[in-house]
Amino acid sequence: MVRLTRAQQQARTRAAVLAAAREEFAERGFVQAKVDRIAERAELTRGAVYSNFPSKRALYLAVLIDLIERSAEGEPRAAVSPSSRLDALGVFARVWLERLPLTTGTLSGGRLQLRSLDGVLDDEHGPAVLAQVARLEALLLAIALERGAPYRHVRLAELALTLLDGAGHRAETAPGFGDPFDVALACRHLATIDLTDTWSPPHLPYVAPARTCNDEWTAPAGLVDQISGAEVGLDDGLVVVLGANRLGAAEEAVRSGKRVTLVVVTSDPEETGRLVRLKVTDAVSCLRRVFAAEAFAQVRLVLDDGAVVAAALGIADAGDDTEAAVEVRNGAVTARALGRGAGHAVGVRRREAMP
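Residues numbered from 1 in each chain as written. Predicted model: local features only at pLDDT ≥ 70, side-chain atom pairs only at ≥ 80, totals over all residues. Heavy atoms only, no water.

K.L.:
Explain the layout of surface pockets to me, please; I cannot follow it from the model alone.
P.N.:
Here the idea is plain: a probe the size of a water molecule rolls over the atoms and shows the empty space left. Considering only enclosed or pocket space, the largest pocket measures out at about 580 Å³ in volume. Lining the largest pocket we find 22 residues, and of these Leu-114, Arg-115, Leu-117, Asp-165 and Lys-279 sit closest to its centre. Elements with a contribution of two residues or more to the lining of the largest pocket: helix H5 (85-97), helix H7 (125-146), helix H8 (154-173) and helix H11 (269-290). No other element matches the six residues that H8 contributes to the lining of the largest pocket. Grouping the constituent residues of the lining of the largest pocket by class yields 10 nonpolar, four polar and eight charged. (1 Å grid on protein atoms, 1.4 Å probe; cavity = no way out; pocket = protein on both sides within 12 Å on 5 of 7 lines; lining within 4 Å. Points joined across faces, edges and corners; volume = space filled by probe spheres on them. Helix = DSSP H or I, 4+ residues; strand = E, 2+ residues; numbered from the N terminus. Nonpolar A, V, L, I, M, F, W, Y, C, P; charged D, E, K, R; others polar.)

K.L.:
How should the packing of H5 against H8 be read in this particular structure?
P.N.:
Packing of H5 against H8 brings their axes to within 11 Å, and their N-to-C directions diverge by 30°. Viewed along their axes, H5 and H8 adopt a mutual orientation that is roughly parallel. Seen along the crossing, H5 lies across H8 with a hand that is right-handed. Here H5 contributes Leu-89, Phe-92, Ala-93, Trp-96 and Leu-97 to the contact with H8, which in turn contributes Leu-156, Ala-160, Leu-161, Leu-164, Asp-165, Ala-167 and Gly-168. Of the residues assigned to the contact of H5 with H8, the class counts are 10 nonpolar, one polar and one charged. (Axes fitted to C-alpha atoms, helices over the stretch in contact; angles between N-to-C directions. Parallel < 35°, antiparallel > 145°, perpendicular 65-115°, else oblique. Left-handed = near helix turned anticlockwise from the far one by under 90°. Contact = heavy atoms within 4.5 Å.)

K.L.:
For this particular structure, what's the right way to read the packing of aromatic side chains?
P.N.:
In this description, an aromatic ring pair is defined by two values, namely the gap between the centres and the angle between the planes. Applying the stated rule across the entire model yields three aromatic pairs. Relative to Phe-30, the ring of Phe-25 has its centre 6.2 Å away and its plane inclined at 25°; by these criteria the two rings are stacked. Judged by centre distance (4.9 Å) and plane angle (80°), the rings of Phe-25 and Tyr-60 are edge-to-face. With Phe-25 in helix H1 (residues 6-32) and Tyr-60 in helix H4 (residues 56-72), the pair connects residues that are 35 residues apart, well separated along the chain. By the ring-pair criterion, three or more aromatic residues cluster together here, those being Phe-25, Phe-30 and Tyr-60. Its end group placed over the ring of Phe-30, Lys-56 keeps NZ or CZ at 4.6 Å from the ring centre. In this structure, Arg-99 packs its charged tip against the face of Trp-96, placed 3.9 Å from the ring centre. (Phe/Tyr/Trp six-rings, centres within 6.5 Å; stacked < 30°, edge-to-face > 60°. Lys NZ or Arg CZ within 6 Å of the ring centre and 35° of its normal.)

K.L.:
Would you mind going over the pairing of strand E3 (residues 260-265) with me for this structure?
P.N.:
Every other side chain in a regular strand lies on the same face of the sheet, so the side chains alternate between the two faces. Of all six residues that make up E3, six are buried, and the element is covered over most of its length. Taking every second residue as pointing to the same face, both faces of E3 are buried, with Val-260, Leu-262 and Val-264 on one and Thr-261, Val-263 and Val-265 on the other. Where strand E2 (residues 237-243) and E3 come together, six bridges link them in parallel fashion. Opposite Leu-238, over in E3, you have Val-260 as the bridge partner. Bridge count for E3 against strand E4 (residues 299-303) is five bridges, and the pairing is parallel. Across the sheet, Leu-262 pairs through a bridge with Leu-301, a residue of E4. Chirality of the crossover, the property in question, places the unit of E3, H11 and E4 among those that are right-handed. (Buried < 20%, exposed > 50% of the residue type's maximum accessible area, 1.4 Å probe, protein only. Pairing = 2+ DSSP bridges. Right-handed = clockwise from strand over helix to strand, strands pointing away.)

K.L.:
Please explain the sheet that holds E2 as it appears in this structure.
P.N.:
Strand pairing within a sheet occurs via backbone hydrogen bonds; the two strands may be parallel or antiparallel. Read from one edge to the other, the open sheet built from six strands follows the order E1-E6-E5-E2-E3-E4, with strand pairing classed as mixed. With one partner strand each, in any of the chains shown, strand E1 (211-216) and E4 form the two edges of the open sheet. Along the sheet, successive strands turn relative to each other by an average axial angle of 25°, direction set aside. Bridge count for strand E5 (residues 323-329) against strand E6 (residues 332-338) is six bridges, and the pairing is antiparallel.

K.L.:
Help me understand empty space enclosed by the protein, please; the structure alone is not making it clear to me.
P.N.:
One pass over the full model with this rule turns up three cavities of 30 Å³ or more. Approximately 60 Å³ is the volume found for the largest cavity. Contributing to the lining of the largest cavity are Val-264, Val-265, Thr-266, Thr-272, Gly-273, Val-276, Arg-277, Leu-303, Asp-304 and Asp-305. If you list the elements that add at least two residues to the lining of the largest cavity, you get E3 and H11. Top contributing element to the lining of the largest cavity by residue count: H11, with four residues. For the lining of the largest cavity, the per-class residue count stands at four nonpolar, three polar and three charged.

Put into structure tokens, the structure is as follows:
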């Protein structure tokens, strides 16, 4: 009999916990699920469950992430983007609405399919993070709709996602009500509404200019772009490190027109980090099926649970409220900014000011 290594045993235990938790949450929902029953299903101790996941919330989020990642395996990625915003929103809506359970029942398994967070976020922090992630999701959709520069369609993307999220909530609270095809059609026609993209954050005129520098820089290895799935090298471009409470500031950096790598950090990787990963993974899985890779050529997204990028850049105590940015050129950091508006400060810096 082959003896498993410690890493193999840990992986097996983790897989058993996830499988048991998936069954428990599917049958009973998040609120009624019990960690003791999950341990019993997995034929493990309660301590073994908590040694892998520090809380029921962290475990539930991990189950949802695992479900999304499994469903995304083998899915074809779009080779060509839709030819118009009208078609793009319609196709995106249909892909998004595939999560709606094809049932009029109220089984909790349907809530898993809907990525339900009902009863999961019982504090103020979780909803605040969700609001920031929603802004990031809208930004990514707008980038795809605009094919590179989201100067006109961020508000349109926000409206489309609001409609789709509302349909998901309705499917959970009133299963079987409404027709998802009607929702997709309505979402498609949002592109015909003339929305004025009035983007003028009042704090930007007061943001301090970026500091010019010429610092040596060695980018951490093994970073992965959540959008493309490819490994990320941070040798050139604008790098913006944002905490979970500051994700909305990504728009400030992207609107600079430069190639941007968004690096997300958090004070709590187990829960807040998983919440961000859940929403990002879900959104990106839909975007990949609708839009070709070149739609996102100007933006990359890294989920940096260990804050290794921040540490390499000398950003101390990176967490949920972090907002910092640097410009990297030819393997060196040539500009820095820290605090609110950092991405904007570095992004709009004049080229003649660069060393």
